[in-house]
Each structure stands twice: as structure tokens, then as C-alpha cells.
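# Architecture and fold: a report
One letter stands for each residue in the lines below.
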Amino acid sequence: MKIIIIGLGNFGRSLALNLTDNGHEVFGIDHKMEKVDLLKDHIANVVCMDANNESAYKVLPIQQADLGIVAIGENEGSSIVTTAILKKYKNLKIVSRSLSRIHDTILEAMGINDVIHPEQDAAFRLTKQISFNYALDYFRVDNKHSIAEVFSPSSFSGKSVKSLKLTQKYSVSLITVIRDIHNNPLSSTKENHTRKVIGLVTGETVLKNGDILTLFGSNKSIMNFIKDKK
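Residues numbered from 1 in each chain as written. Predicted model: local features only at pLDDT ≥ 70, side-chain atom pairs only at ≥ 80, totals over all residues. Heavy atoms only, no water.

As paired elements, strand 2 (residues 25-30) and strand 3 (residues 45-48) share four bridges and run parallel to each other. Bridge assignment links G28 to a residue of strand 3, and that residue is V46. Each parallel crossover has a hand, and for strand 2 linked through helix 2 (residues 33-39) to strand 3 it is right-handed. (Pairing = 2+ DSSP bridges. Helix = DSSP H or I, 4+ residues; strand = E, 2+ residues; numbered from the N terminus. Right-handed = clockwise from strand over helix to strand, strands pointing away.)

A few words on the environment of K196. One can find K196 in strand 10 (residues 193-197). Taking the C-alpha atoms as reference points, K196 and I181, separated by 15 residues in sequence, lie 6.8 Å from one another.

Right, let's get into the packing of helix 3 (residues 76-87) against helix 4 (residues 101-109). The N-to-C vectors of helix 3 and helix 4 enclose an angle of 10°; their axes lie 11 Å apart at closest approach. By the angle between their directions, the pair helix 3 and helix 4 is classed as roughly parallel. For the pair formed by helix 3 and helix 4, the contact residues are E76, S79, I80 and T83 on the first element and H103, I106 and L107 on the second. For the contact of helix 3 with helix 4, the per-class residue count stands at three nonpolar, three polar and one charged. (Axes fitted to C-alpha atoms, helices over the stretch in contact; angles between N-to-C directions. Parallel < 35°, antiparallel > 145°, perpendicular 65-115°, else oblique. Contact = heavy atoms within 4.5 Å. Nonpolar A, V, L, I, M, F, W, Y, C, P; charged D, E, K, R; others polar.)

Alternating positions in strand 4 (residues 67-70) separate into two faces, L67 and I69 on one and G68 and V70 on the other, with burial throughout. In the sheet, strand 1 (residues 2-6) pairs with strand 4 via four bridges, with the strands oriented parallel. Its bridge partner being in strand 4, I4 is matched across the sheet by G68. As paired strands, strand 4 and strand 5 (residues 93-97) are joined by four bridges and run parallel to one another. Looking at the pairing, I69 lines up with V95 of strand 5. Following the backbone out of strand 4, through helix 3 and into the adjacent parallel strand 5, one traces a crossover that is right-handed. (Buried < 20%, exposed > 50% of the residue type's maximum accessible area, 1.4 Å probe, protein only.)

Any functional reading would require information beyond the geometric quantities listed.
This is the structure we're talking about:
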């Protein structure tokens, strides 16, 4: 995917590096040369330009791009103007960072459906890490529900999903299981182990020691499950 990221502060820079590592062609844009210099040797293309100058976009392959991300985090007005310019390119899907509730309202009025709040999301994840304590990772579905990865309790080993009655007992749903796969059964070294998603879970799926369970449920239900099984 060809992705244009406008705004190369901490958030935009991390996003550019991660997307590049995942095989995407990234074009990074910022009006500060020092931020451009930090990425010039790490992503496909990086340009120093004023994103509020509509004529400057002529140097970008914007007609061929799949996604435009407005990651500006210092100037709400500049972010809004940049988003408005990108809106003129009908082929481009736009994701825009919001800096306030008013910004949210303006983006909604502009027809931007994909809005991100990195600071709020980071705070949410830290809150959940503190609250859930024993969970490995989280994804917020809404304010009341999450998807969490937790180690399968040793008491679940050798038991089928059906017999555990997770929904009835804990009000959580098992989405899938992440399991250690032995690439070489004759070797026990760490290098010969790979964690893989086993795919669709059925009632007949049997859990093993060391499995990671991907659970969906209310925040309260997941926290209760973790407290009960830690």
C-alpha cells in the first residue's frame, strides 16, 4: 500500500517506521527539516514541505496513493487545513488525528470517519495494563468492551473449549488461540519456537499449556476472568 503521512512528530515518525517495516511504501511529510532528516534513511521517501500549501502537493504521488494520514500534533488549524486539501483527492482514503473535541466535530462535519486519538488511546491502554495487570495486550472496542490477550490458566490445559463454558461462567468469548509451534521437535532452543494463531476456534479445540487466549468481553468480565484465574 502507498501511504502518505503528514506530520512527523513522535506519533507520525513511529507510524512511518512501523508501516515501512510492515512492507508499505511510505511518503513522510513535515515542514521541519530536522524531522525530515531523522527519517530520510529509514523510509522510502520523505519531503520537507508546507502541507498547508496546496500547490506543494504536485511533488507527491498523491493520485497513486491509497491512504493519507494527517498526523499533525502541534497545530489544530494546520491539521484541519491539511485534511481539507486531502479531501479534494477523491481516490484517497483519509485518516486524521484529532487534538480536541472541537477538532472531532470539525472532522465529522468534513466527512472524515477515521479519526485517531493517540494520546487518549495510549492512556487507555496504560489504564487497562494497570487494571488488568496480568493481560498481555488490549484493543479497545468501545468504552465498555475490549479484546484482550491473556495466558491460558494451567487448569485449562488438556480441556476442550466446550467444556470450559467460558461464556456461561465468565461472560467472555474466545476469539482465537496463539500457540507455541515447535519448528524442530528435536530442539528445545528458543529459536525453534514460533508463536502462531491457530485459526478458528471450535468447541472441540483443546487448549495446551502456554497457550495465549484472545478474549472478547466487557472490561469488567475480562478483569474478573483474570482475577479469578491468575
